[in-house]
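# A look at the structure
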Amino acid sequence: MKSVKKVGKHVIFYAALLGIWALLAKLKIWPSYVFPAPLGVLQSLRDGFADHSFWIGIGVSMKRIIVGYALSIVLGMVLGLGVASNKFLEETMGGLLVSLQSLPSICWLPLAVLWFGLTEKAILFVVVMGSLLSITIAMEDGRTQMPKIYRMAGRNLGASGLKLFWYVLLPASLPFILSGLKQGWAFAWRSLISGEMIFVSLGLGQLLMTGRDLNDMSLVIAVMILIVVIGFIVDGLIFRTLEKRLQYKWGLTSAT
Amino acid sequence: MTVNSRNAFTPETRKVQLRVDAGGRWKAGAAPTIAPLRVNPTDTAKVSLKGISLQYKTGNGSRLLALDDINLKVSPGEFLCIVGPSGCGKSTLLHLIAGLHQPSMGTVLVDDHLVDGPGTDRILIFQELGLFPWLKVGENIEFGMKMKGVPKSERRERVQHHLRLVHLSKFKDSYIHQLSGGMRQRVALARALATEPDVLLMDEPFAALDAQTRDLLHDELERIWAETGCTIIFVTHNVREAIRLGDRVALLTFRPGRVKREYAVNLPRPRHLEDPSVALAAREILDDLREEINKSIAAEYEGVQA
Ligand SMILES: Nc1ncnc2c1ncn2[C@@H]1O[C@H](COP(=O)(O)OP(=O)(O)OP(=O)(O)O)[C@@H](O)[C@H]1O
Ligand SMILES: [Mg+2]
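Here is a short report on the structure shown in this document. (Residues numbered from 1 in each chain as written. Chains lettered and ligands numbered in written order. Predicted model: local features only at pLDDT ≥ 70, side-chain atom pairs only at ≥ 80, totals over all residues. Heavy atoms only, no water.)

Moving on, we come to the overall build of chain B. A tally of regular secondary structure across chain B gives eight helices and 14 strands. Looking at chain B as a whole, 54% of its 306 residues are labelled buried. In chain B, of all internal contacts separated by at least 6 residues, the share reaching a separation of at least 24 is 67%. With the model as given, the accessible surface of chain B reaches about 13,800 Å², and the carbon-plus-sulfur share is 51%. (Helix = DSSP H or I, 4+ residues; strand = E, 2+ residues; numbered from the N terminus. Buried < 20%, exposed > 50% of the residue type's maximum accessible area, 1.4 Å probe, protein only. Contact = heavy atoms within 4.5 Å. Areas by Shrake-Rupley, 256 points an atom, 1.4 Å probe, with all protein chains shown as cover.)

Following this line, the structure appears as structure tokens:
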């Protein structure tokens, strides 16, 4: 009953949005290359998928985000746990990490280009720099906030070294690091698109720039919609489900 | 060899003659009773604590002497109960034996080997239980075996066995938060037993149970203890529970924690918590314990005033 109501609200909202958009386009206040009609955007979407350029763009971008994000997680784990395990590092480097986080990741691009040239590596570097800090901070928090009893119980039952980390410390701290992982993903996704916009690189960011070069506003908006939808799917499907599972296991919700 | 009890016992028990049996333990003569214990120095010990002291650093930089010069010997297969007021260092003592902390002074020996870390020969059931919320009940019980490298098929069998033992077969696939407090305590017991330790360390394991379940688990624990021949060190604040279960009871003092006295419990098994002989024996320990509890209350009162 509740969910039907919720879906209804969404339907009404988006219908109204589309209606106003179509109406404004119909009034022809702006030329169509500045303000395209919904149907034009739909057409661009259809064309983009039909000539495979969208599929290729999505494929390339997804590959980059997966590699970049995975790298961030591994590095963030090493850094975060390293920082959290050392009092000196925690006091000194912890502050540096937080202040570095205020740096928009695209600022790393000039540096990346100088180091790696206009290559795949440069884009990956930007993606990693975009999400690494939030993941590092999340890992650090996870390690300090995790109840100590789990570590003791794990050691007591014969876990040590890597086994202790994998079977006890990581799952025990997951509730505390998940929001950081999610934030890291959002940053990685944004960094990727901005990075891709700078030079010819395939990918969704590149498609956006193609739209601009062709003066094709419908294409630009179609790609923007794609970027939002992919972001929504990953957030809603992967992170929400993970969050829900976690909350269910740990009994953090009043699940029935 | 017969000895008169020298301590100030209640009149009924003071007259009781005690004699030591072949194993070096005190046995009651006529009436069941308790007695001050003399450990035979030639006894081989399963666990022996030699001059254990432990200091905690407290928040404001000062130090708290939690345990001071603890000397205890636990024979193989013995059931030792430790009682003492809250905050006297009972949990700390178990953590030391489990190898989770190092003493500031003194040594912990198990089978005459120095303890310098955790080992699956000694399993501790934590006061806070420490069950893993990300694992199902069955997986929790399986955990120690998995760490030890027990093959999967054997693990599955033993999980079933231990689930039956604590009457939780139906809850194998539940998560911890879905269980009641008493059920959680039973999972913790099963998880510890499944690793088949030589020494089982239990920290107030039955504190949150209703009387019926507790009685049942007392019986179960006693049976498991007899079957496996493991050594049990059992911490409780309930003196009657200590007498119901223990071969011997050690009373700790409050701050610093020292062994104030040891009592051999010479009541025949099976015992019951409500037995008059248990109540009678408990009264003597309670008198000693009350002194310590008063000290702890006084200390807390001072803490409030300061
Ligand atoms: N990590 C710690 N840091 C500082 N002090 C501690 C720490 N753990 C325990 N203590 C102190 O050491 C003393 C003994 O604690 P412990 O937990 O061993 O007591 P206990 O006998 O198990 O008490 P209870 O019956 O309430 O469980 C207490 O006074 C406590 O304040
Ligand atoms: Mg305790």
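So, about the packing of aromatic side chains. With the rule as written, the count across this model stands at 19 aromatic pairs over all chains. With 5.1 Å between their ring centres and 75° between their planes, Phe13(A) and Tyr14(A) make a pair best called edge-to-face. Ring-pair connections join several aromatic residues into one group, and the members of that group are Tyr150(A), Trp250(A), Phe132(B), Trp134(B) and Phe143(B). The ring of Phe132(B) has Arg191(B) sitting right over it, with the charged end atom 4.9 Å from the ring centre. (Phe/Tyr/Trp six-rings, centres within 6.5 Å; stacked < 30°, edge-to-face > 60°. Lys NZ or Arg CZ within 6 Å of the ring centre and 35° of its normal.)

Moving on: helix H9 (residues 203–213) of chain A. All names here are of chain A. Of all 11 residues that make up H9, eight are buried, and the element is covered over most of its length. For H9, the full list of buried residues reads Gly203, Leu204, Gly205, Gln206, Leu207, Leu208, Met209 and Gly211. The inward-facing, buried residues of H9 contact helix H3 (53–85), helix H8 (161–198) and helix H10 (217–250). Asparagine 215 occupies a position one or two residues after H9 and carries a positive phi of about 55°.

Residues and elements named next belong to chain B. What surrounds ligand 1 is a group of 14 residues, the closest being Ser86, Gly87, Lys90, Ser91 and Thr92. In the model, an oxygen atom of ligand 1 is placed 3.3 Å from a nitrogen or oxygen of the cysteine 88 main chain. If ligand 1 stood free it would expose 630 Å²; the protein chains cover 66% of that surface. Secondary-structure elements contributing two or more residues to the shell around ligand 1 are strand E5 (47–57), strand E6 (63–74) and helix H2 (90–98). By residue number, the principal contributor to the shell around ligand 1 is H2, which donates three residues. (Near = heavy atom within 4 Å. Polar contact = N/O pair within 3.5 Å; in protein donor to acceptor, adjacent residues only side chain to side chain.)

In this structure, Ser91(B) (OG) and Gln127(B) (OE1) serve as the protein donors to the magnesium ion (ligand 2), at separations of 1.9 to 2.2 Å. Of this pair, Ser91(B) sits in helix H2 while Gln127(B) sits in the loop between strand E10 (122–125) and helix H3 (137–148), and the two are 36 residues apart along the sequence. (Donors = N, O, S within 2.8 Å, 3.2 Å for Na, K, Ca; no water.)

Turning our eyes to something else, we now look at the pairing of E5(B). Put simply, side chains in a regular strand alternate between the two faces of the sheet. Residues and elements named next belong to chain B. Bridge analysis of E5 against E6 gives eight bridges, and the strand direction is antiparallel. Counted as the bridge partner of isoleucine 52 is isoleucine 70 from E6. Looking at chain direction, E5 and strand E8 (residues 105–110) are connected through five bridges and run antiparallel. Following the sheet pairing, lysine 50 is matched in E8 by threonine 107. (Pairing = 2+ DSSP bridges.)

With that settled, the discussion passes to helix H7 (residues 148–156) of chain A. Along H7(A), the positions that sit buried rather than exposed are Ile149(A), Tyr150(A), Met152(A), Ala153(A), Gly154(A) and Asn156(A). Of the surrounding secondary structure, the elements contacted by the buried residues of H7(A) are H8 and H10 of chain A together with H2, E10, H3 and helix H5 (181–194) of chain B. Just past H7(A), the residue Gly158(A) takes up positive phi, approximately 95°.

On the surface, a nonpolar cluster with roughly 640 Å² of combined accessible area is contributed by Leu23(A), Leu27(A), Ile29(A), Trp30(A), Tyr33(A) and Val34(A). When you line up the elements, Leu23(A) lands in helix H1 (residues 2–27). (Patch = residues over 30% accessible without salt bridge, like charges linked within 9 Å, V, L, I, M, F, W, Y side chains within 5 Å. Salt bridge = Lys/Arg side-chain N within 4 Å of Asp/Glu carboxyl O.)

Right, let's talk about the packing of H3(A) against helix H4 (residues 87–100) of chain A for a bit. Residues and elements named next belong to chain A. Packing of H3 against H4 brings their axes to within 6 Å, and their N-to-C directions diverge by 130°. One way to sum up the angle between H3 and H4 is to call them oblique. Taking contact as the criterion, the partners of Leu79, Gly82, Val83, Ala84 and Ser85 in H3 are, on H4, Lys87, Leu89, Glu90, Met93 and Leu97. The class makeup of the residues in the contact of H3 with H4 is six nonpolar, two polar and two charged. (Axes fitted to C-alpha atoms, helices over the stretch in contact; angles between N-to-C directions. Parallel < 35°, antiparallel > 145°, perpendicular 65-115°, else oblique. Nonpolar A, V, L, I, M, F, W, Y, C, P; charged D, E, K, R; others polar.)

What is shown is where atoms sit, not what they do.
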